[in-house]
Amino acid sequence: MDIKYLFKHSPKYLWLLIFITMIISAFDGVVLSMVISAVTRFTVDSSIESLIRFSLGAILIYSVIMVANLLNAVLRSQLTYLLNMHVKDHYIANKLKKANSHSDTDEIVSFMLNDFKLVESNYLDIVLDVISMTVMGLVSMGYLLYLSPMVALLFIIFSFLPMLPAKLFGTRIEHKSVDWSQANESFTGSLKNIFAGRKTVRTYNAYDFATGQIYDKLENAENTNRHFANLQSLVNFIAGLLSWMSYIVPITVALYLVIQGRIEAGVVIAMFLASDRVIYPLRRVGMMLNQIATTKDARQKIYEVIKDSQVSENNEEMLEPDLVLEAVDFAYGEHELFKNLSYQFDYGKKYLISAASGTGKSTLLDLMQGVLAPNQGKIYLSQGGKQVCQGLTHLISRINQDPVLFQTTIRNNLCLGKPMSDQVLIEVLEQVGLAKELGRDILELHYDPKTMDLSGGQKQRLEIARAIVHHKPILLVDEATSALDAKNATIVRQILAQLDSTVIEVAHHYKKDVSMEQSPIYLTLEGQQLVS
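A few points on the structure. What you see is a predicted model, and the numbers here were worked out from it, not measured in a lab.

## As for the overall build of the chain
Part 1 of the reasoning: When its secondary structure is counted, the chain shows 17 helices and 10 strands.
Part 2 of the reasoning: Over its C-alpha atoms the chain spans a radius of gyration of 34 Å, topping by over 25% the 24 Å that the globule rule assigns to 532 residues.
Part 3 of the reasoning: Counting only C-alpha atoms, the chain reaches 115 × 55 × 50 Å along its principal axes.
Part 4 of the reasoning: Burial status across the chain gives 43% buried among its 532 residues.
Part 5 of the reasoning: Taking contacts inside the chain between residues at least 6 apart in sequence as the whole, the part at least 24 apart equals 78%.

## A closer look at the environment of Phe195
Part 1 of the reasoning: Along the chain, the position of Phe195 falls in helix H7 (residues 164-196).
Part 2 of the reasoning: Taking C-alpha positions, Phe195 is 46 Å from Leu319, a pair spaced 124 residues apart along the chain.

## Side note on the pairing of strand E1 (residues 322-332)
Consecutive residues of a regular strand have side chains that alternate between opposite faces of the sheet.
Part 1 of the reasoning: Where E1 lies against strand E4 (residues 376-383), 6 bridges are found, and the strand directions are antiparallel. Along E4, the bridge assignment pairs Asp322 with Ser382.
Part 2 of the reasoning: Relative to strand E2 (residues 335-345), E1 is paired through 7 bridges, and the arrangement is antiparallel. If you follow Leu325 over to E2, its bridge partner there is Tyr343.
Part 3 of the reasoning: Hairpin geometry of E1 and E2 is characterised by an intervening segment of 2 residues between the two adjacent antiparallel strands and by a positive phi of about 65° at Gly333.

## Quick look at unusual backbone geometry
Part 1 of the reasoning: The backbone phi angle of Ala327 is positive, close to 50°, even though this residue is not glycine.
Part 2 of the reasoning: For Ala327, the location among the structural elements is in strand E1.
Part 3 of the reasoning: Of the residues examined, Ala327 reaches a relative accessible area of 29% and is grouped as partly exposed.
Part 4 of the reasoning: Residues other than glycine seldom take positive phi values, yet Asn340 does so here, at roughly 55°.

## A look at the pattern of salt bridges
Part 1 of the reasoning: Counted under the stated rule, the structure contains 13 salt bridges.
Part 2 of the reasoning: With a closest N to O distance of 3.5 Å, Asp329 and Lys339 form a salt bridge. Of this pair, Asp329 sits in strand E1 while Lys339 sits in strand E2, and the two are 10 residues apart along the sequence.
Part 3 of the reasoning: Residue Asp329 is classed as buried on the basis of its relative accessible area of 14%.
Part 4 of the reasoning: Accessibility expressed as a relative area gives 40% for Lys339, which makes it partly exposed.
Part 5 of the reasoning: A salt bridge links Arg411 to Asp422; the shortest N-O distance between them is 2.9 Å. Separated by 11 residues along the polypeptide, Arg411 in helix H13 (residues 410-415) and Asp422 in helix H14 (residues 422-431) bring together distant segments of the chain.
Part 6 of the reasoning: A relative accessible area of 19% means that Arg411 is categorised as buried.

## Some thoughts on the packing of helix H6 (residues 149-158) against helix H9 (residues 207-259)
Think of two packed helices as two axes; the pair is described by the angle between the axes and how far apart they sit.
Part 1 of the reasoning: The interhelical angle for the contact between H6 and H9, taken along N-to-C directions, is 165°, at an axis separation of 8 Å. Between H6 and H9, the interaxial angle falls into the category roughly antiparallel. Crossing of H6 over H9 shows right-handed handedness. Here H6 contributes Met150, Val151, Leu154, Phe155 and Phe158 to the contact with H9, which in turn contributes Met245, Ser246, Tyr247, Val249, Pro250, Ile251, Val253, Ala254 and Leu257.
Part 2 of the reasoning: Taken together, the residues of the contact of H6 with H9 sort by class into 13 nonpolar, 1 polar and no charged.

## Looking at a nonpolar patch on the surface
Part 1 of the reasoning: A cluster of nonpolar side chains, namely Tyr13, Leu16, Leu17, Ile20, Ile24, Leu60 and Val64, defines an oily patch on the protein surface of about 660 Å² accessible area.
Part 2 of the reasoning: Looking at the nonpolar patch, the elements that each hand over two or more residues are helix H2 (12-25) and helix H4 (48-97).
Part 3 of the reasoning: Of the residues forming the nonpolar patch, the biggest block, 5 residues, is contributed by H2.
Part 4 of the reasoning: Here Ile24 shows up in helix H2.

## A word on the packing of H7 against H9
Part 1 of the reasoning: Viewed as axis vectors pointing N to C, H7 and H9 meet at an angle of 160°, and their least axial separation amounts to 9 Å. Considered as vectors, H7 and H9 are oriented roughly antiparallel to each other. Between H7 and H9 the crossing geometry is left-handed.

## Points about the side chain of Asn184
Part 1 of the reasoning: When you line up the elements, Asn184 lands in helix H7.
Part 2 of the reasoning: When near neighbours in sequence (up to four residues on either side) are disregarded, Asn184 contacts Asn114 and Ala221.

## Topic: the environment of Val492
Part 1 of the reasoning: The topology assignment puts Val492 in helix H17 (residues 486-498).
Part 2 of the reasoning: Here Val492 falls in the buried class, since its relative accessible area comes to 1%.
Part 3 of the reasoning: For the pair formed by Val492 and Arg461, sequence separation is 31 residues and the distance between their alpha carbons is 8.1 Å.

## A look at the packing of aromatic side chains
Part 1 of the reasoning: Summed over the entire model, instances satisfying the criterion amount to 8 aromatic pairs.
Part 2 of the reasoning: Ring geometry for Tyr91 against Phe116: centres 5.1 Å apart, planes inclined by 75°, an arrangement best described as edge-to-face. Of this pair, Tyr91 sits in helix H4 while Phe116 sits in helix H5 (residues 105-147), and the two are 25 residues apart along the sequence. Pair check on accessibility: Tyr91 and Phe116 agree, each one buried.
Part 3 of the reasoning: Measuring from ring centre to ring centre gives 6.5 Å for Tyr143 and Tyr146, while their planes differ by 25°; the resulting arrangement is stacked.

## Regarding H17
Part 1 of the reasoning: An ideal rise of 1.5 Å per residue puts 18 Å on 13 residues; H17 measures up with 19 Å between its terminal C-alpha atoms.
Part 2 of the reasoning: By the burial criterion, the buried members of H17 are Asn488, Ala489, Val492, Arg493, Gln494, Ile495, Leu496 and Ala497.
Part 3 of the reasoning: Looking at the buried positions of H17, the neighbouring elements they touch are strand E3 (350-354), strand E6 (396-399), H14, helix H16 (456-470), strand E7 (474-478) and strand E8 (502-507).

## Things to note about H16
Part 1 of the reasoning: Taking 1.5 Å as the rise per residue, H16 with 15 residues should run 21 Å; its terminal C-alpha atoms sit 22 Å apart, in good agreement.
Part 2 of the reasoning: Judged by how many residues are buried, H16 sits mostly within the fold: 12 of 15 residues are covered.
Part 3 of the reasoning: For H16, the full list of buried residues reads Gly457, Gln458, Gln460, Arg461, Leu462, Glu463, Ile464, Ala465, Arg466, Ala467, Ile468 and Val469.
Part 4 of the reasoning: Looking one or two places after H16, you find His471, whose phi comes out positive at around 45°.

Rules behind the numbers
- Residues numbered from 1 in each chain as written.
- Predicted model: local features only at pLDDT ≥ 70, side-chain atom pairs only at ≥ 80, totals over all residues.
- Heavy atoms only, no water.
- Helix = DSSP H or I, 4+ residues; strand = E, 2+ residues; numbered from the N terminus.
- Rg over C-alpha atoms; globule rule 2.2 N^0.38 Å.
- Buried < 20%, exposed > 50% of the residue type's maximum accessible area, 1.4 Å probe, protein only.
- Contact = heavy atoms within 4.5 Å.
- Pairing = 2+ DSSP bridges.
- Salt bridge = Lys/Arg side-chain N within 4 Å of Asp/Glu carboxyl O.
- Axes fitted to C-alpha atoms, helices over the stretch in contact; angles between N-to-C directions.
- Parallel < 35°, antiparallel > 145°, perpendicular 65-115°, else oblique.
- Left-handed = near helix turned anticlockwise from the far one by under 90°.
- Nonpolar A, V, L, I, M, F, W, Y, C, P; charged D, E, K, R; others polar.
- Patch = residues over 30% accessible without salt bridge, like charges linked within 9 Å, V, L, I, M, F, W, Y side chains within 5 Å.
- Areas by Shrake-Rupley, 256 points an atom, 1.4 Å probe, with all protein chains shown as cover.
- Phe/Tyr/Trp six-rings, centres within 6.5 Å; stacked < 30°, edge-to-face > 60°.
- Expected span 1.5 Å × (residues − 1).

Function-wise, these values are silent; they only describe arrangement.
Here it is in structure tokens:
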């Protein structure tokens, strides 16, 4: 993500207005120099009328510059808002949609809280500052050339000295920035992990263990931040010394010309004041380029996610798809779960897959859904014996063992933004036994874990109801009845059996004596294969 991307995805008129107000604001140094230079021309012979004209003119001109400054700040704020909304919205949407995204939630949240802020403050804001400082420097250079071309050239040449440290230390600063970002992500992840398990820490009085887990990460994060700050301070120190030299050498030459009677002392004062608007911007540009370099890694990570404005979904209509696993291999590191796994799940049939813990039941569902990608082989949907497409996740729904409910109404938790009638929703809630338990206004209930105490079984039945109302051709089920009592488990199993969808359920074990209208196909996950 660079300035071209930002310019492309923001209003062009906004950039134009920002640039215009920057040009007007850039004249503040010129106006100040002209005012101070004019002061040296007042004598005992000057009139009160000329003094009033001078004061009113100075106030009026500077007021225009300050209004331009204010407008520039407001316009920049609007541009930052629009770009933040665009980039963050696309980042979140694409992170959610990308098929093979299995990133840790804490890592994503940490990245958005830390790295996005880094990009905003050290890239977007700084890019605008660089443009502003460059415009200010060019305007002041023009004024210096008007006053004395020779001295102005000296100021211009020496004004590039403060930029040298940025070039010399740029790579080191970039590396230190990456180290800080990684250390901060590691600390944030550990902190969230420890606080998520604070009940366990309290239960076993494991406070020393918990703080020990965090301390090393905290120390590393603080040390990398300290080294980063020290390096920036060193660069600023060197830039400051060179900046002072860029003032003194040209002024010395200008004073020599005064002694020689070639220019007036008032011109030297005006040039000194104007030169500050040349040297200071270039010095700041040098430091700001270093700040921009610190965001390279974060910007690249963001761009890799947002570069595709839409994650394409194949909406080809498939009413009766089969799900096919063809020579699938998958492993977590050295731990191989599946080897040359092949199986076809025929449309409309019900499958119950049992396996021991740790054999990859949930991983198998992740592969079918496209959350994980196989190391070898392929998983696809077929119709009429022909492969149609891979990755048609919009045709697959899933009931998870640990349901996720969003902090909104029960209606929104079921619909998830899709248009559905209240009658359909109520009928499904009645089927799973929740309408009676939660009352007549169940759809308007606002779920909040702090104020609404739902049991594990109620959450799981809401998850089941959500899958039913969306009615996709293929339903993946992960321990659907693990949190239910025997009565509700039987009801749910009957509901799943009656769906005109393919149902693929995994669990640790099953009771085969549950009566169903359609007898399921029992499979066992053994030796990295599905066995009938």
